[in-house]
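Architecture at a glance
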Amino acid sequence: MDLNAQVGADIFVDVNSEVIAKSRVVTAPNSKADMAVYIADTSELQGGEYELRFDGNNYLVTKPNGEKQTVDVNVSSGAFYLDGMMVNIKNAPEVGEQVLLRPTRNGAATMKMATDDPKTIAAHSFEASSTRSQGNAKFTILGAGQLREFEVHVSPTGKEFAVTDKQGNVLLTPQLYPPTDPVTVLGTTFELTDGALPNDRFAANLNPAPGDNGNLRKMINIQTDKTLNGGNSTVIDVYHNLNTEVGLKASTATRLQEVANLEHESAKSRVASISGVNLDEEAANMMKFQQAYMASSRVMQAANETFDTILALR
């Protein structure tokens, strides 16, 4: 809840907005395909580029590592799930057409602030202290209406749920768990995902509470909670490791470039020593050949004079 007792708005731009989702698909300029890639599970995402081809019946996906996989498209939703992304196909590509899927290519570029008003930050937590949840279900308030305080109870069998007020009065009779759609009771809408255990209880208090910062504390803990790398690293750890890895690779690339330049210069010197021209040596050879030519001409001159002398004696 924000300072105005309203359900808090997004702090950052929604990564699954229609514009961003469609930007993750690259098609030919004249393509009629209408597709979008939505992020469903960031823990399963892989970096790189996916190639998608349609043969008229099936979709063949080539993963970044070269692995090929045929995916099944859900007929009712027109989408398929793969590696943490939900690919929605509104208009199929032509047979044999190549489509590129880039789920992470522009991830950093699309991270922008969605609000500049601190009053809209959802600092107040709607979860009441009476929440008792042993499972991993997610309980989310989507809209606040007339109902401000209530509890959601999961049955002892774990197959149903019901909604009561804080006095225990039933507001919504037992329904099948998990609900397939958001649940609305007296104008208040909430969402409850799968994963709750029998007898789990989720309590909500949507009344304004000045000074409440329960949700803000959870935001602050994002920097220290070990939620990445299988629960072994924090966001800051991953950022530092990324900086170190990029710096190491950049330094290694620089050193390899310097070594390559030295090897190139050494190779040029070896080639020049074998096939190159030494001006001093060539000048000496030219003088030697010139003297040999002059000596040969003197021999010819002496022979000619001797021959003339012999003819004169007759």
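Procedures and definitions
Residues numbered from 1 in each chain as written. Predicted model: local features only at pLDDT ≥ 70, side-chain atom pairs only at ≥ 80, totals over all residues. Heavy atoms only, no water. Helix = DSSP H or I, 4+ residues; strand = E, 2+ residues; numbered from the N terminus. Rg over C-alpha atoms; globule rule 2.2 N^0.38 Å. Buried < 20%, exposed > 50% of the residue type's maximum accessible area, 1.4 Å probe, protein only. Contact = heavy atoms within 4.5 Å. Core = buried A, V, L, I, M, F, W, Y, C linked by side-chain atoms within 4.5 Å. Lys, Arg positive; Asp, Glu negative; His and termini not counted. Salt bridge = Lys/Arg side-chain N within 4 Å of Asp/Glu carboxyl O. Polar contact = N/O pair within 3.5 Å; in protein donor to acceptor, adjacent residues only side chain to side chain. Pairing = 2+ DSSP bridges. Phe/Tyr/Trp six-rings, centres within 6.5 Å; stacked < 30°, edge-to-face > 60°. pLDDT = per-residue confidence, 0-100.

On to the overall build of the chain, then. For the chain, the helix and strand inventory stands at four helices and 15 strands. On C-alpha atoms alone, the chain measures out to a radius of gyration of 40 Å, which is more than a quarter above the 20 Å that the 2.2 N^0.38 rule sets for 314 residues. Its C-alpha atoms give the chain principal-axis dimensions of roughly 155 × 50 × 35 Å. Across the 314 residues that make up the chain, the buried fraction comes to 25%. Across the chain, the fraction of contacts at a sequence separation of at least 24, relative to all contacts at a separation of at least 6, is 61%.

Among the structural elements, N74 can be located in the loop between strand 5 (68-71) and strand 6 (79-82). Look at N74 and you get partly exposed, because its relative accessible area is 38%. As a C-alpha pair, N74 and V183 span 109 residues in sequence and 25 Å in three-dimensional space.

Further remarks concern the nonpolar core. In this structure, F139, F150, V152 and F190 are the most contacted members of the largest nonpolar core, which totals 21 residues. Contributions of two or more residues to this core are made by strand 9 (139-143), strand 10 (149-154), strand 11 (160-164), strand 13 (183-185), strand 14 (188-192) and strand 15 (201-205). A per-element tally of this core places strand 10 first, with three residues. Not counting residues within four places of it along the chain, the set of residues in contact with F150 comprises F139, I141, V163, T164, D165, T188, F190, F202, A203 and A204.

So, about the side chain of D165. Assignment of secondary structure puts D165 in the loop between strand 11 and strand 12 (170-176). Despite its burial, D165 pairs with no opposite charge; the closest candidate is K166, at 8.9 Å N-O. Here the side chain of D165 touches Q167 through a polar contact of 3.0 Å, landing on its backbone nitrogen. There is a polar contact of 2.7 Å between the side chain of D165 and the backbone nitrogen of N169.

For the rest of this paragraph, the subject is the sheet that holds strand 1 (residues 25-26). Strand pairing within a sheet occurs via backbone hydrogen bonds; the two strands may be parallel or antiparallel. Overall, antiparallel pairing links the five strands, which are arranged 1-8-3-4-5 in an open sheet. A strand with exactly one partner marks an edge of an open sheet, and here the two such strands are strand 1 and strand 5. The pairing of strand 3 (residues 50-54) with strand 8 (residues 98-101) spans four bridges and is antiparallel. Counted as the bridge partner of R53 is Q98 from strand 8.

So, on to the packing of aromatic side chains. In the structure shown here, the tally under the stated rule is five aromatic pairs. Arranged with centres 6.2 Å apart and planes meeting at 80 degrees, the rings of F139 and F150 form a pair that is edge-to-face. In this pair, F139 is assigned in strand 9 and F150 in strand 10, connecting sequence segments eleven residues apart. Note on accessibility: F139 and F150 belong to one class, buried. A network of ring pairs unites the aromatic residues F139, F150, F190 and F202 as a single cluster.

For the chain, the mean per-residue pLDDT works out to 86, and 99% of the residues sit at or above 70. Mean pLDDT across the elements of the chain bottoms out in helix 2 (residues 214-220) (84) and peaks in strand 11 (93).

What follows concerns the side chain of S233. One can find S233 in the loop between helix 2 and helix 3 (235-275). S233 sits in the buried class, given a relative accessible area of 10%. In contact with S233, other than residues within four places in its own chain, are D225, K226, T227, L228 and V238.

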